[in-house]
Amino acid sequence: MGLGAARKTALVTGAAGFLGSHLVDRLLDEGYEVVGIDNLMTGDLGNLERAGRDPHFHFQMGDVREPIHVYAELVFNFACPASPIHYQSDPYATLTTSVMGALRLVEMARGRRCTIVHASTSEVYGDPTVHPQPESYWGNVNPIGDRSCYDEGKRCAETLLNDARRAWGVDVRIARIFNTYGPRMAFDDGRVVSNFIVQALRGSPLTLFGDGRQTRSFCFVKDLLEGILSLARPEPIEGPVNLGNPEEFTIRDLAEEVLRIVGSDLEIIHQPLPADDPRQRKPDISRARELLGFSPQIGLREGLRATVADFQARLAERASKGR
Ligand code: NAD
Ligand code: UDP
(Lines give C-alpha, C1' and ligand atoms only; values in the text may rest on other atoms or scores of the structure.)
(Ligands and ions follow the chains in the order given, each with its own letter.)
Protein backbone atom coordinates (compact mmCIF):
# COMPACT_ATOMS: atom_id res chain seq x y z
CA MET A 1 0.00 0.00 0.00
CA GLY A 2 1.43 3.42 -0.96
CA LEU A 3 2.48 6.00 1.63
CA GLY A 4 -0.39 8.25 2.66
CA ALA A 5 -3.09 5.84 1.41
CA ALA A 6 -5.70 4.93 4.02
CA ARG A 7 -5.04 1.48 5.38
CA LYS A 8 -7.67 -1.07 4.46
CA THR A 9 -8.95 -3.31 7.22
CA ALA A 10 -8.71 -7.07 6.89
CA LEU A 11 -10.43 -9.46 9.29
CA VAL A 12 -8.94 -12.92 9.81
CA THR A 13 -11.05 -15.47 11.67
CA GLY A 14 -9.06 -18.34 13.13
CA ALA A 15 -6.16 -15.88 13.42
CA ALA A 16 -4.30 -17.82 16.14
CA GLY A 17 -4.23 -21.04 14.11
CA PHE A 18 -1.55 -22.36 11.80
CA LEU A 19 -2.75 -20.80 8.53
CA GLY A 20 -4.56 -17.83 10.08
CA SER A 21 -1.45 -16.60 11.90
CA HIS A 22 0.74 -16.79 8.78
CA LEU A 23 -1.96 -14.88 6.90
CA VAL A 24 -2.07 -12.20 9.62
CA ASP A 25 1.70 -11.67 9.33
CA ARG A 26 1.48 -11.49 5.56
CA LEU A 27 -1.39 -8.96 5.61
CA LEU A 28 0.50 -6.76 8.07
CA ASP A 29 3.50 -6.88 5.71
CA GLU A 30 1.17 -5.81 2.87
CA GLY A 31 0.08 -2.74 4.87
CA TYR A 32 -3.37 -3.74 6.16
CA GLU A 33 -4.91 -2.89 9.49
CA VAL A 34 -5.63 -6.42 10.68
CA VAL A 35 -8.23 -7.67 13.13
CA GLY A 36 -7.93 -11.28 14.27
CA ILE A 37 -10.71 -13.27 15.92
CA ASP A 38 -10.17 -16.66 17.55
CA ASN A 39 -11.66 -18.71 20.38
CA LEU A 40 -8.40 -20.67 20.82
CA MET A 41 -10.07 -24.05 20.31
CA THR A 42 -6.96 -25.28 18.48
CA GLY A 43 -5.06 -22.00 18.08
CA ASP A 44 -2.25 -20.60 20.21
CA LEU A 45 -1.60 -16.96 21.03
CA GLY A 46 2.12 -17.76 20.69
CA ASN A 47 1.52 -17.88 16.91
CA LEU A 48 0.63 -14.18 17.08
CA GLU A 49 3.76 -13.10 18.93
CA ARG A 50 5.15 -11.18 15.95
CA ALA A 51 1.75 -9.67 15.04
CA GLY A 52 1.20 -8.69 18.68
CA ARG A 53 4.16 -6.32 18.49
CA ASP A 54 2.61 -4.51 15.50
CA PRO A 55 0.32 -1.56 16.37
CA HIS A 56 -1.77 -2.35 13.28
CA PHE A 57 -2.86 -5.72 14.67
CA HIS A 58 -5.88 -6.07 16.95
CA PHE A 59 -6.87 -9.38 18.54
CA GLN A 60 -10.37 -10.24 19.72
CA MET A 61 -11.04 -13.38 21.69
CA GLY A 62 -14.33 -14.49 20.20
CA ASP A 63 -16.38 -17.18 18.58
CA VAL A 64 -17.45 -16.84 14.94
CA ARG A 65 -20.79 -18.41 15.80
CA GLU A 66 -21.68 -15.18 17.63
CA PRO A 67 -22.56 -11.94 15.78
CA ILE A 68 -19.42 -10.23 14.45
CA HIS A 69 -19.10 -6.56 15.30
CA VAL A 70 -16.10 -5.73 13.13
CA TYR A 71 -16.42 -4.18 9.71
CA ALA A 72 -13.65 -5.00 7.28
CA GLU A 73 -13.31 -4.57 3.50
CA LEU A 74 -11.59 -7.92 3.28
CA VAL A 75 -12.45 -10.99 5.34
CA PHE A 76 -10.52 -14.27 5.47
CA ASN A 77 -12.66 -16.93 7.12
CA PHE A 78 -10.20 -19.48 8.51
CA ALA A 79 -11.88 -20.35 11.82
CA CYS A 80 -12.49 -24.10 12.10
CA PRO A 81 -10.48 -26.99 13.54
CA ALA A 82 -8.79 -28.69 10.60
CA SER A 83 -7.12 -31.81 11.98
CA PRO A 84 -9.30 -34.96 12.11
CA ILE A 85 -8.56 -35.66 15.80
CA HIS A 86 -9.57 -32.12 16.75
CA TYR A 87 -12.60 -31.70 14.53
CA GLN A 88 -13.90 -35.11 15.60
CA SER A 89 -13.38 -34.34 19.31
CA ASP A 90 -16.34 -31.91 19.21
CA PRO A 91 -18.31 -32.56 16.00
CA TYR A 92 -21.10 -30.19 17.01
CA ALA A 93 -18.64 -27.31 17.43
CA THR A 94 -17.00 -28.17 14.11
CA LEU A 95 -20.20 -28.23 12.09
CA THR A 96 -21.70 -25.14 13.72
CA THR A 97 -18.43 -23.22 13.38
CA SER A 98 -18.40 -23.83 9.62
CA VAL A 99 -22.04 -23.06 8.98
CA MET A 100 -22.79 -20.34 11.53
CA GLY A 101 -19.39 -18.71 11.02
CA ALA A 102 -20.22 -18.29 7.32
CA LEU A 103 -23.69 -17.01 8.24
CA ARG A 104 -22.31 -14.40 10.67
CA LEU A 105 -19.89 -13.13 8.04
CA VAL A 106 -22.65 -12.83 5.44
CA GLU A 107 -24.70 -10.83 7.98
CA MET A 108 -21.71 -8.53 8.46
CA ALA A 109 -20.93 -8.17 4.73
CA ARG A 110 -24.43 -7.94 3.26
CA GLY A 111 -25.11 -4.54 1.70
CA ARG A 112 -21.53 -3.39 2.31
CA ARG A 113 -18.38 -3.23 0.27
CA CYS A 114 -16.76 -6.40 1.49
CA THR A 115 -15.00 -9.42 0.02
CA ILE A 116 -15.10 -12.73 1.90
CA VAL A 117 -12.36 -15.24 1.14
CA HIS A 118 -13.48 -18.52 2.65
CA ALA A 119 -11.20 -21.44 3.58
CA SER A 120 -12.97 -24.48 2.21
CA THR A 121 -11.23 -27.80 1.75
CA SER A 122 -10.40 -30.77 -0.47
CA GLU A 123 -12.54 -32.74 2.02
CA VAL A 124 -15.61 -31.52 0.10
CA TYR A 125 -14.54 -34.21 -2.42
CA GLY A 126 -14.60 -36.88 0.34
CA ASP A 127 -13.04 -40.18 -0.78
CA PRO A 128 -12.87 -39.15 -4.43
CA THR A 129 -13.77 -41.40 -7.33
CA VAL A 130 -12.33 -38.87 -9.81
CA HIS A 131 -8.57 -38.30 -9.81
CA PRO A 132 -7.12 -35.67 -9.76
CA GLN A 133 -10.01 -33.60 -8.42
CA PRO A 134 -11.27 -30.64 -10.52
CA GLU A 135 -13.70 -28.10 -9.02
CA SER A 136 -16.46 -29.52 -11.24
CA TYR A 137 -16.39 -32.85 -9.31
CA TRP A 138 -19.23 -33.03 -6.76
CA GLY A 139 -17.50 -35.42 -4.43
CA ASN A 140 -18.11 -38.69 -2.60
CA VAL A 141 -18.87 -37.81 1.03
CA ASN A 142 -20.39 -39.96 3.77
CA PRO A 143 -23.02 -37.65 5.33
CA ILE A 144 -23.11 -39.46 8.71
CA GLY A 145 -19.56 -40.71 9.26
CA ASP A 146 -16.74 -39.67 11.60
CA ARG A 147 -15.52 -36.99 9.18
CA SER A 148 -18.96 -35.65 8.22
CA CYS A 149 -19.02 -32.81 10.75
CA TYR A 150 -16.08 -31.30 8.89
CA ASP A 151 -16.88 -32.35 5.31
CA GLU A 152 -20.58 -31.54 5.39
CA GLY A 153 -20.02 -28.39 7.47
CA LYS A 154 -17.62 -27.11 4.82
CA ARG A 155 -19.97 -28.14 2.00
CA CYS A 156 -22.88 -26.35 3.65
CA ALA A 157 -20.76 -23.22 4.20
CA GLU A 158 -19.98 -23.22 0.47
CA THR A 159 -23.72 -23.51 -0.29
CA LEU A 160 -24.58 -20.68 2.08
CA LEU A 161 -21.89 -18.37 0.70
CA ASN A 162 -22.85 -19.09 -2.91
CA ASP A 163 -26.50 -18.41 -2.14
CA ALA A 164 -25.55 -15.12 -0.48
CA ARG A 165 -23.72 -14.15 -3.67
CA ARG A 166 -26.67 -15.12 -5.88
CA ALA A 167 -29.36 -13.56 -3.65
CA TRP A 168 -27.67 -10.41 -2.36
CA GLY A 169 -24.52 -9.99 -4.44
CA VAL A 170 -22.16 -10.67 -1.51
CA ASP A 171 -18.65 -10.93 -2.96
CA VAL A 172 -17.46 -14.38 -1.89
CA ARG A 173 -14.36 -16.30 -2.97
CA ILE A 174 -14.01 -19.98 -2.12
CA ALA A 175 -10.59 -21.59 -1.75
CA ARG A 176 -10.64 -25.39 -1.67
CA ILE A 177 -7.41 -25.91 0.20
CA PHE A 178 -5.51 -29.21 -0.09
CA ASN A 179 -3.20 -30.53 2.68
CA THR A 180 -0.98 -27.63 3.68
CA TYR A 181 1.91 -27.84 6.16
CA GLY A 182 4.74 -25.73 7.49
CA PRO A 183 6.24 -23.95 10.49
CA ARG A 184 3.93 -23.22 13.46
CA MET A 185 1.85 -26.40 13.17
CA ALA A 186 1.03 -27.40 16.75
CA PHE A 187 2.99 -30.27 18.34
CA ASP A 188 -0.31 -31.97 19.17
CA ASP A 189 -2.00 -31.00 15.87
CA GLY A 190 -2.42 -34.67 14.95
CA ARG A 191 -2.07 -34.26 11.18
CA VAL A 192 0.40 -36.48 9.44
CA VAL A 193 3.24 -34.03 8.71
CA SER A 194 3.49 -32.70 12.26
CA ASN A 195 2.98 -36.18 13.77
CA PHE A 196 5.83 -37.69 11.75
CA ILE A 197 8.19 -34.77 12.43
CA VAL A 198 7.52 -34.71 16.17
CA GLN A 199 7.87 -38.51 16.37
CA ALA A 200 11.12 -38.49 14.39
CA LEU A 201 12.63 -35.68 16.47
CA ARG A 202 11.63 -37.34 19.74
CA GLY A 203 12.94 -40.75 18.63
CA SER A 204 9.54 -42.51 18.71
CA PRO A 205 8.35 -44.87 15.96
CA LEU A 206 6.39 -43.21 13.15
CA THR A 207 2.68 -44.12 13.23
CA LEU A 208 1.60 -45.10 9.71
CA PHE A 209 -2.15 -45.60 9.45
CA GLY A 210 -3.30 -48.47 7.21
CA ASP A 211 -0.84 -49.80 4.63
CA GLY A 212 0.51 -46.32 3.88
CA ARG A 213 -0.45 -46.52 0.20
CA GLN A 214 -3.10 -43.81 0.52
CA THR A 215 -1.96 -40.57 -1.14
CA ARG A 216 -1.99 -36.86 -0.39
CA SER A 217 -0.53 -33.80 -2.14
CA PHE A 218 1.30 -31.51 0.27
CA CYS A 219 1.54 -27.75 -0.19
CA PHE A 220 3.97 -25.55 1.74
CA VAL A 221 2.27 -22.70 3.59
CA LYS A 222 4.12 -19.94 1.72
CA ASP A 223 2.85 -21.23 -1.63
CA LEU A 224 -0.69 -21.52 -0.33
CA LEU A 225 -0.69 -17.91 0.89
CA GLU A 226 0.23 -16.69 -2.59
CA GLY A 227 -2.92 -18.35 -3.87
CA ILE A 228 -5.10 -17.05 -1.04
CA LEU A 229 -3.93 -13.47 -1.56
CA SER A 230 -4.39 -13.69 -5.35
CA LEU A 231 -7.92 -14.91 -4.75
CA ALA A 232 -8.61 -11.69 -2.84
CA ARG A 233 -7.94 -9.59 -5.98
CA PRO A 234 -10.38 -6.74 -6.74
CA GLU A 235 -12.13 -8.47 -9.67
CA PRO A 236 -14.78 -10.97 -8.54
CA ILE A 237 -14.19 -14.70 -8.97
CA GLU A 238 -17.24 -16.94 -9.09
CA GLY A 239 -17.12 -20.54 -8.02
CA PRO A 240 -14.58 -22.49 -5.97
CA VAL A 241 -10.86 -22.59 -6.74
CA ASN A 242 -8.60 -25.51 -5.77
CA LEU A 243 -5.37 -24.42 -4.07
CA GLY A 244 -2.64 -26.93 -3.35
CA ASN A 245 0.49 -28.54 -4.70
CA PRO A 246 -0.37 -31.22 -7.28
CA GLU A 247 2.70 -33.38 -6.50
CA GLU A 248 1.23 -36.58 -5.06
CA PHE A 249 2.91 -38.86 -2.50
CA THR A 250 1.94 -41.98 -0.61
CA ILE A 251 1.94 -41.57 3.16
CA ARG A 252 4.73 -44.18 3.31
CA ASP A 253 6.82 -41.96 0.96
CA LEU A 254 6.24 -39.08 3.38
CA ALA A 255 7.35 -41.15 6.41
CA GLU A 256 10.54 -42.19 4.62
CA GLU A 257 11.29 -38.62 3.50
CA VAL A 258 10.89 -37.29 7.05
CA LEU A 259 13.25 -39.99 8.37
CA ARG A 260 15.81 -39.12 5.66
CA ILE A 261 15.69 -35.41 6.53
CA VAL A 262 15.97 -36.00 10.26
CA GLY A 263 18.74 -38.56 9.60
CA SER A 264 17.05 -41.34 11.50
CA ASP A 265 16.34 -45.05 10.97
CA LEU A 266 13.43 -45.22 13.40
CA GLU A 267 10.86 -47.94 13.04
CA ILE A 268 7.60 -47.28 11.15
CA ILE A 269 4.69 -48.97 12.94
CA HIS A 270 1.27 -49.64 11.42
CA GLN A 271 -1.94 -48.54 13.11
CA PRO A 272 -5.53 -48.99 11.86
CA LEU A 273 -6.72 -46.71 9.07
CA PRO A 274 -9.33 -44.26 10.45
CA ALA A 275 -12.92 -44.57 9.13
CA ASP A 276 -13.59 -42.92 5.75
CA ASP A 277 -9.92 -41.96 5.29
CA PRO A 278 -9.68 -40.83 1.63
CA ARG A 279 -7.56 -43.28 -0.42
CA GLN A 280 -6.20 -40.67 -2.80
CA ARG A 281 -6.08 -36.90 -3.16
CA LYS A 282 -4.48 -34.60 -5.69
CA PRO A 283 -5.75 -31.21 -6.82
CA ASP A 284 -6.37 -30.28 -10.41
CA ILE A 285 -5.11 -26.68 -10.20
CA SER A 286 -5.77 -25.67 -13.84
CA ARG A 287 -8.36 -23.11 -12.75
CA ALA A 288 -6.05 -21.49 -10.18
CA ARG A 289 -3.24 -21.44 -12.77
CA GLU A 290 -5.40 -19.75 -15.41
CA LEU A 291 -7.25 -17.30 -13.16
CA LEU A 292 -4.54 -16.42 -10.65
CA GLY A 293 -1.25 -17.53 -12.19
CA PHE A 294 -0.97 -19.84 -9.17
CA SER A 295 2.12 -22.04 -9.36
CA PRO A 296 3.49 -23.66 -6.19
CA GLN A 297 7.28 -23.35 -6.05
CA ILE A 298 8.32 -25.28 -2.96
CA GLY A 299 8.73 -29.03 -3.31
CA LEU A 300 8.15 -31.51 -0.49
CA ARG A 301 11.83 -31.94 0.46
CA GLU A 302 12.49 -28.20 0.72
CA GLY A 303 9.25 -27.54 2.60
CA LEU A 304 9.83 -30.42 5.00
CA ARG A 305 13.39 -29.22 5.72
CA ALA A 306 12.04 -25.77 6.71
CA THR A 307 9.29 -27.36 8.81
CA VAL A 308 11.68 -29.76 10.57
CA ALA A 309 13.99 -26.82 11.37
CA ASP A 310 11.08 -24.92 12.92
CA PHE A 311 10.02 -27.90 15.06
CA GLN A 312 13.65 -28.44 16.13
CA ALA A 313 13.94 -24.81 17.21
CA ARG A 314 10.68 -24.93 19.16
CA LEU A 315 11.60 -28.23 20.84
CA ALA A 316 14.97 -26.76 21.86
CA GLU A 317 13.24 -23.68 23.27
CA ARG A 318 10.85 -25.89 25.25
CA ALA A 319 13.73 -27.96 26.60
CA SER A 320 15.58 -24.81 27.67
CA LYS A 321 12.47 -23.74 29.60
CA GLY A 322 12.21 -27.23 31.18
CA ARG A 323 8.88 -28.08 29.45
P1 NAD B 1 -5.91 -24.66 12.91
O2 NAD B 1 -6.66 -25.65 13.75
O3 NAD B 1 -4.46 -24.45 13.21
O4 NAD B 1 -6.63 -23.25 12.92
C5 NAD B 1 -8.00 -23.08 13.10
C6 NAD B 1 -8.22 -21.86 14.01
O7 NAD B 1 -9.63 -21.60 14.14
C8 NAD B 1 -7.69 -22.09 15.43
O9 NAD B 1 -6.93 -21.00 15.85
C10 NAD B 1 -8.97 -22.25 16.27
O11 NAD B 1 -8.77 -21.90 17.62
C12 NAD B 1 -9.92 -21.35 15.52
N13 NAD B 1 -11.35 -21.64 15.76
C14 NAD B 1 -11.96 -22.86 15.74
N15 NAD B 1 -13.28 -22.72 15.99
C16 NAD B 1 -13.52 -21.39 16.16
C17 NAD B 1 -14.67 -20.62 16.44
N18 NAD B 1 -15.88 -21.19 16.60
N19 NAD B 1 -14.55 -19.29 16.56
C20 NAD B 1 -13.33 -18.68 16.43
N21 NAD B 1 -12.19 -19.36 16.16
C22 NAD B 1 -12.28 -20.71 16.03
O23 NAD B 1 -6.09 -25.17 11.40
P24 NAD B 1 -5.45 -24.60 10.05
O25 NAD B 1 -4.71 -25.69 9.39
O26 NAD B 1 -4.78 -23.30 10.28
O27 NAD B 1 -6.78 -24.36 9.18
C28 NAD B 1 -7.35 -23.08 9.03
C29 NAD B 1 -8.52 -23.13 8.07
O30 NAD B 1 -8.10 -23.63 6.81
C31 NAD B 1 -9.66 -24.04 8.54
O32 NAD B 1 -10.90 -23.45 8.19
C33 NAD B 1 -9.45 -25.30 7.74
O34 NAD B 1 -10.64 -26.01 7.54
C35 NAD B 1 -8.88 -24.75 6.44
N36 NAD B 1 -8.07 -25.76 5.75
C37 NAD B 1 -6.82 -26.05 6.16
C38 NAD B 1 -6.08 -27.02 5.50
C39 NAD B 1 -4.67 -27.38 5.88
O40 NAD B 1 -4.13 -28.32 5.29
N41 NAD B 1 -4.02 -26.71 6.80
C42 NAD B 1 -6.65 -27.72 4.42
C43 NAD B 1 -7.97 -27.40 4.05
C44 NAD B 1 -8.65 -26.41 4.70
N1 UDP C 1 -1.84 -40.48 8.97
C2 UDP C 1 -0.88 -41.40 9.34
N3 UDP C 1 -0.26 -41.26 10.55
C4 UDP C 1 -0.54 -40.22 11.38
C5 UDP C 1 -1.51 -39.26 11.00
C6 UDP C 1 -2.14 -39.42 9.77
O7 UDP C 1 -0.59 -42.36 8.60
O8 UDP C 1 0.07 -40.16 12.47
C9 UDP C 1 -2.50 -40.62 7.64
C10 UDP C 1 -4.01 -40.48 7.65
O11 UDP C 1 -4.63 -41.73 7.89
C12 UDP C 1 -4.28 -39.99 6.24
C13 UDP C 1 -3.04 -39.14 5.91
O14 UDP C 1 -2.04 -39.55 6.82
O15 UDP C 1 -4.35 -41.06 5.33
C16 UDP C 1 -3.28 -37.64 6.06
O17 UDP C 1 -3.84 -37.43 7.33
P18 UDP C 1 -4.08 -35.97 7.94
O19 UDP C 1 -4.76 -36.18 9.25
O20 UDP C 1 -2.81 -35.21 7.93
O21 UDP C 1 -5.03 -35.23 6.91
P22 UDP C 1 -6.31 -35.66 6.05
O23 UDP C 1 -6.64 -37.11 6.26
O24 UDP C 1 -7.38 -34.75 6.55
O25 UDP C 1 -5.88 -35.42 4.66
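Cut-off values and rules
- Residues numbered from 1 in each chain as written.
- Chains lettered and ligands numbered in written order.
- Predicted model: local features only at pLDDT ≥ 70, side-chain atom pairs only at ≥ 80, totals over all residues.
- Heavy atoms only, no water.
- UniProt positions renumbered as here; feature names shortened; annotations may be inferred.
- Helix = DSSP H or I, 4+ residues; strand = E, 2+ residues; numbered from the N terminus.
- Buried < 20%, exposed > 50% of the residue type's maximum accessible area, 1.4 Å probe, protein only.
- Polar contact = N/O pair within 3.5 Å; in protein donor to acceptor, adjacent residues only side chain to side chain.
- Near = heavy atom within 4 Å.
- Areas by Shrake-Rupley, 256 points an atom, 1.4 Å probe, with all protein chains shown as cover.
- Nonpolar A, V, L, I, M, F, W, Y, C, P; charged D, E, K, R; others polar.
- Axes fitted to C-alpha atoms, helices over the stretch in contact; angles between N-to-C directions.
- Parallel < 35°, antiparallel > 145°, perpendicular 65-115°, else oblique.
- Contact = heavy atoms within 4.5 Å.
- Phe/Tyr/Trp six-rings, centres within 6.5 Å; stacked < 30°, edge-to-face > 60°.
- Lys NZ or Arg CZ within 6 Å of the ring centre and 35° of its normal.

In the annotation of an unreviewed UniProt entry, the entry for the chain reads NAD-dependent epimerase/dehydratase family protein, and the organism field reads Polyangium spumosum. Quoted straight from UniProt, the Cofactor (unreviewed entry) entry for the chain says "NAD(+)".

This paragraph deals with the side chain of Asn 47. Within the secondary structure, Asn 47 sits in the loop between β2 (33-38) and α2 (49-52). A residue is classified by how much of its surface remains accessible, and Asn 47, at 12% relative accessible area, is buried. Within polar-contact distance, the side chain of Asn 47 engages the backbone oxygen of Ala 16 at 2.8 Å.

To continue, consider the site of ligand 1. Near ligand 1 you find 30 residues, and of these Leu 19, Asp 38, Thr 42, Tyr 150 and Thr 180 are the closest. Here Val 64 contributes a backbone N or O atom positioned 3.0 Å from a nitrogen atom of ligand 1. Within the side chain of Thr 97, one N or O atom sits 3.0 Å away from a nitrogen atom of ligand 1. Summarising the interface, the protein chains cover 97% of the accessible area of ligand 1, which totals 830 Å² for the free molecule. Of all elements in the fold, only α1 (18-29), β5 (115-121) and α5 (148-168) reach the threshold of two or more residues within the shell around ligand 1.

Contacts to ligand 2 come from 18 residues, most closely from Val 192, Thr 207, Arg 216, Asp 277 and Arg 281. Protein burial of ligand 2: of its 520 Å² of free accessible surface, 95% is covered by the chains. Elements represented by at least two residues in the shell around ligand 2 include exactly α6 (192-202) and β8 (206-209). When its residues are assigned to classes, the shell around ligand 2 shows seven nonpolar, five polar and six charged.

Before going further, it helps to examine the packing of helix α4 (residues 91-109) against α5. Contact geometry of α4 with α5 gives a least axis separation of 8 Å together with a crossing angle of 10°. Here α4 lies roughly parallel to α5, going by the angle between them. Each of Pro 91, Thr 94, Leu 95, Ser 98, Val 99, Ala 102, Leu 103 and Val 106 in α4 lies in contact with α5, whose residues at this interface are Ser 148, Cys 149, Tyr 150, Glu 152, Gly 153, Lys 154, Cys 156, Ala 157, Leu 160, Leu 161, Ala 164 and Trp 168. For the contact of α4 with α5, the class distribution of residues is 14 nonpolar, four polar and two charged.

On to the packing of aromatic side chains. Applying the stated criterion across every chain yields a total of six aromatic pairs. On the basis of an interplanar angle of 20° and a centroid distance of 6.0 Å, the ring pair of Tyr 125 and Tyr 137 is categorised as stacked. Placement of the pair is Tyr 125 in the loop between β5 and α5 and Tyr 137 in the loop between β5 and α5, with a sequence separation of 12 residues. Of the two residues examined, Tyr 125 and Tyr 137, each falls in the buried class. Considering the side-chain rings of Phe 187 and Phe 311, the 5.5 Å spacing of their centres and the 90° angle between planes classify their relative orientation as edge-to-face. Residue Phe 187 is found in the loop between β7 (180-181) and α6, and its partner Phe 311 is found in helix α10 (residues 300-320); the two are separated by 124 residues along the sequence. The class of Phe 187 is buried, set by a relative accessible area of 15%. Members of the aromatic cluster, joined through ring pairs, are Tyr 125, Tyr 137 and Phe 178. A cation over a ring is seen here: Arg 110 above Trp 168, with NZ or CZ 3.8 Å from the ring centre.

As a further point, take unusual backbone geometry. Residue Pro 132 is reached from His 131 by a cis peptide bond, and omega for that bond is -10°. Locating Pro 132 in the fold gives a position in the loop between β5 and α5. Backbone geometry at Leu 40 places phi at a positive 60°, although glycine is not the residue there. With respect to the element layout, Leu 40 can be found in the loop between β2 and α2. Exposure remark for Leu 40: the relative accessible area of 26% places this residue in the partly exposed category. You will see that Arg 184, though not glycine, has its phi angle at about 85°, which is positive. Looking at where Arg 184 falls in the secondary structure, it is placed in the loop between β7 and α6.

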